[in-house]
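# Descriptive structure summary
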Amino acid sequence: MRKFLRVMAYEYRRHVLRRSFLLALLSLPALILVSVGAGFVLVRMETDATPIGYIDRAGVVQKPLPQDALEELAEPVQMIPFKDEADARDALKNEEIQGYYIIPENYFQTTQVEEVYQDSAPSDNARSHFRALLRFNILADQSPQIAARVVDGAQIIIRSPDGGRVASSDSWLSIVLPLVLGIVFFIVVMSSSGYLMQAVVDEKENRTMEVLVTSVSPGQLIAGKIVGLIGVGLTQLMVWIAFGVLGMFIGGANFPALQEQFASISLGSLGLMGLALLPSYVMFAGLMAAMGAMVTNTSEAQQMAGLLTLPIWIPYWLMIPLMKNPNGPIALTLSFFPLTAPLTLVCRLGFTIIPFWQLVLNFLVLCVSAVGAIWLAGKVFRMGMLRYGKRLRWKEIFSSTARSK
Amino acid sequence: MPSIKIQSIHKSFGELKAVNGVSFDVQEGEIFGLLGPNGAGKTTLIRIMLDIFKPDSGEVIILGGEMTEAKKNLIGYMPEERGLYQDITLERCLVYLGTLKGLSASETKERLRPYLERFDLAAHKDKKVKELSKGMQQKAQLIATLQHEPELIIIDEPFAGLDPVNTRMVKELLQDLRHQGVTIMMSTHQMHQVEELCDRIALINRGERILYGDLADIRSRFSGHAVWVQSPADLPPLPGVEHVEDGRHGSQKLTLSAEVSPQQLLASLVEQNIPLERFEIATPTLDEIFIQMVQEAEGEEK
């Protein structure tokens, strides 16, 4: 037992202290930070505080936007009314305005407005301001509640009969989040089980294996490695989740609209995901370790790992049929096949309410597969650990299994 | 009680019979040589002794019984294919391997120090293993084998890759260990090292044991019917000498016919007043015995 702990601690420290691991750990948050930052910069670049003009031939604009409506705009601009187009054109030439709108006399029939500008179209903030101004004036004689309702537009809320689940277009995050977490989780799983496979292949390649197995039992050795590497993956996941939560706090504090999204996240679904993804992680780690023991060098190992990765992503390729019929035959088949089960579960959690028995069965399939993968890893490891020249064949593994029974 | 007792071990890989009914004992406190040409089955035998491979049939008794996890801490094994972690520092690598033999990290560090100094590696302990020369890595591997002070040491080709200075050092180290009562089994095909170090040997060829026993007994058993003679005078024709062969430094090797004993030859040389600088029973070197045995074994097969 002590040796198992030593192997585990060694593998954990060896990978966590690696420079490449730290880079990988920080690169995802850094990437997100950079892309969010770039988004902000782009939005900034799209904003222009230069006034904008309008010629109102239909007499729509009677009042300016009230203060509370102005505050909701990203960056309001000054709105300059012009009597005739020549004045507006002069102002545009002199760069006093970034463009102007002509509201034609028949506006209420056509609901069309003409936009005039020189080199570049008016900025988004100027357009939004003008739209808000029109909307406000058109609805001016309605009661404030009706006006607000019209501006908000349609909102569809889907509720399950038992009330256990609510989805609405306003809570998109609750659908997207499991999918994104699924991707993040699998990046972690694949990279850390990749480390594990590499560690096993390295020990075969540099011939440390023989010294190791005369010090530790193969079972303790492989178990120590798997648990150590899962620790590495969980560390990575924890750090990323910590960054995510931090981002939510910062985002929530600065953008009140996001808070509603965060509130819509179902902790129950996330808990279910966690419960299902842990045995899947063990399963993949076991399979990767087995492959490491089977092959004889790094390039072979990578090919095998590629083959294993393909089926994992099938549910994401089949996202559309899964979305259309999240309880249909495709969904069920993928749910109970070990390699596709984890991400199918993640997709379905976003799209539907999974019956309880299916959740239990899904979880059981994953647990049994995890145990099976560890068993296989131990078995292949014992047989393949000292194979240097020749790859171990599946036939040999299973025929010897049959014999040992 | 022997440290290792192996009885009628058979092991095949597919069609290939790697080990075919080999038995021998390694006695406590001796240096035992497991000899054989390349591919004879030495490494397979060692792996069977260490429980890395299971034999198809036969029995291995190691340190008084079956191999257990606890016994692994009492054994030091240096495989032929040397292996150390390349990407970490020498000290970290050795400490990890030491802890896998049941020592604590601080204990390992403590025990490492004299070895690192003896092997001139103390100044390199913070270097990555891959930055060390092949010879240094070889010495580091030896430290990994010895640092937990095992009762039984099994070394596959201990001198491969060492220069003469380091070879001498390793030889002295093995002799020291024998004096301390450690049992050593080494596998090699470097016969002159075996002659200097080993008490007993087993010779394996194509998976079978073809020679086994005390080294001195084996050599006398193989001493042919010949003598080395060196004389400042020319040797006259002597009765009972079938063949004369020139050796080094003016020595001649006289092969005698079956009816004549070396004593009779000596008596006749003395009788003829021939001055003698050397008269010695010609025992073959282990190299010669090895080649002779292997050739005989292969001749029989044909």
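Let us look at the structure shown here. (Residues numbered from 1 in each chain as written. Chains lettered and ligands numbered in written order. Predicted model: local features only at pLDDT ≥ 70, side-chain atom pairs only at ≥ 80, totals over all residues. Heavy atoms only, no water.)

## Brief notes about the overall build of chain A
Across its full length, chain A carries 19 helices and six strands. A compact globule built from 405 residues should have a C-alpha radius of gyration of about 22 Å, whereas chain A, at 30 Å, is more than 25% larger. Taken along its principal axes, the extent of the C-alpha atoms in chain A is 95 × 50 × 35 Å. Burial statistics for chain A: of 405 residues in total, 44% are counted as buried. Look at the contacts in chain A between residues 6 or more apart in sequence, and 75% of them connect residues 24 or more apart. Accessible surface for chain A amounts to roughly 21300 Å². Of this, 64% is attributable to carbon and sulfur atoms. Measuring between centres, the 33 positive side-chain charges of chain A sit 26 Å from its 30 negative side-chain charges. (Helix = DSSP H or I, 4+ residues; strand = E, 2+ residues; numbered from the N terminus. Rg over C-alpha atoms; globule rule 2.2 N^0.38 Å. Buried < 20%, exposed > 50% of the residue type's maximum accessible area, 1.4 Å probe, protein only. Contact = heavy atoms within 4.5 Å. Areas by Shrake-Rupley, 256 points an atom, 1.4 Å probe, with all protein chains shown as cover. Lys, Arg positive; Asp, Glu negative; His and termini not counted. Charge placed at Lys NZ, Arg CZ, Asp CG, Glu CD.)

## A short note on the side chain of Q193(B)
All names here are of chain B. The residue Q193 is located in helix α7 (residues 191-197) in this model. One polar contact links Q193 to K171, side chain to side chain, over a distance of 3.0 Å. With residues near it in sequence (within four places) discarded, Q193 still touches F159, T167 and K171. (Polar contact = N/O pair within 3.5 Å; in protein donor to acceptor, adjacent residues only side chain to side chain.)

## A closer look at the nonpolar core
By size, the foremost hydrophobic cluster in this structure holds 152 residues, and its most contacted members are F24(B), L45(B), L174(B) and M185(B). Among the elements that line this core, the one with the most residues is helix α12 (residues 267-294) of chain A, at 14 residues. Apart from residues lying up to four places away in sequence, M185(B) is in contact with I4(B), F24(B), V26(B), F32(B), L34(B), I46(B), M49(B), I153(B), I154(B) and I155(B). The next biggest cluster of nonpolar side chains, apart from the first, holds 16 residues, and it includes V61(A), L73(A), I103(A) and Y107(A). (Core = buried A, V, L, I, M, F, W, Y, C linked by side-chain atoms within 4.5 Å.)

## Some points on the packing of aromatic side chains
Inspection of the entire model under this criterion finds 17 aromatic pairs over all chains. With centroids separated by 3.6 Å and ring planes inclined at 10°, the aromatic side chains of Y10(A) and Y96(B) adopt a geometry described as stacked. Residue Y10(A) is found in helix α1 (residues 2-16), and its partner Y96(B) is found in helix α3 (residues 90-99); the two belong to separate chains. Both residues of the pair, Y10(A) and Y96(B), belong to the buried class. Ring pairing ties together the aromatic residues F185(A), F186(A), Y281(A), F284(A), W313(A) and Y316(A), which thus form one cluster. (Phe/Tyr/Trp six-rings, centres within 6.5 Å; stacked < 30°, edge-to-face > 60°.)

## Things to note about the interface of chain A and chain B
Taken together, the contact pairs 22 residues of chain A with 26 residues of chain B. Each partner contributes to the roughly 2300 Å² buried at the junction of chain A and chain B, and carbon and sulfur atoms together form 56% of this total. For the interface between chain A and chain B, the tally reads one salt bridge. The salt bridge partner of E210(A) is R47(B), with a shortest N-O separation of 2.9 Å. Taken together, the links from chain A to chain B amount to twelve residue pairs in polar contact (both at pLDDT 80 or more). Looking at the side of chain A that touches chain B, the elements that each hand over two or more residues are α1 and α9 (209-213) of chain A. For the side of chain A that touches chain B, the leading source of residues is α1(A), giving seven residues. Across the side of chain A that touches chain B, the residue classes tally to nine nonpolar, five polar and eight charged. (Buried area = accessible area lost by both parts, 1.4 Å probe. Salt bridge = Lys/Arg side-chain N within 4 Å of Asp/Glu carboxyl O. Nonpolar A, V, L, I, M, F, W, Y, C, P; charged D, E, K, R; others polar.)

## As for unusual backbone geometry
All names here are of chain B. Even without being a glycine, E149 presents a positive backbone phi close to 50°. Its location among the elements puts E149 in the loop between α5 (134-146) and β6 (152-156). Judged by its relative accessible area of 55%, E149 falls in the exposed class. Even without a glycine there, the phi angle at N273 is positive, about 60°. In this fold, N273 is placed in the loop between α9 (262-271) and β13 (278-281).

## Remarks on the pattern of salt bridges
For the coordinates displayed, the defined rule picks out 21 salt bridges over all chains. A salt bridge links E11(A) to K225(A); the nearest nitrogen and oxygen atoms lie 2.7 Å apart. Taken together, the residues span a long stretch of sequence, with E11(A) in helix α1 and K225(A) in helix α10 (residues 218-254) at a distance of 214 residues. Classification of K225(A) as buried rests on a relative accessible area of 0%. The salt bridge partner of K72(B) is E69(B), with a shortest N-O separation of 3.2 Å. You can see K72(B) and its partner E69(B) sitting in helix α2 (residues 69-72), three residues apart, about one turn around the helix. A residue is classified by how much of its surface remains accessible, and K72(B), at 5% relative accessible area, is buried. It is possible to trace a salt-bridge network through shared partners that takes in E11(A), E203(A) and K225(A).

## Points about the sheet that holds strand β7 (residues 183-188) of chain B
Residues and elements named next belong to chain B. Sheet architecture is open: six strands sit in the order β5-β6-β7-β3-β8-β9, paired in mixed fashion. This sheet does not close on itself; its edge strands, each paired only once, are β5 (75-78) and β9 (208-214). Pairwise comparison of adjacent strand axes, ignoring direction, gives a mean angle of 10° for this sheet. Note that strand β8 (residues 200-205) and β9 share six bridges and pair antiparallel. Pairing of N205 across the sheet is with E208, part of β9. Against the sheet, helix α6 (residues 164-179) makes contact with β3 (31-35), β6 and β7, and its axis sits at roughly 150° relative to β7, the strand it touches most. (Pairing = 2+ DSSP bridges. Axes fitted to C-alpha atoms, helices over the stretch in contact; angles between N-to-C directions.)

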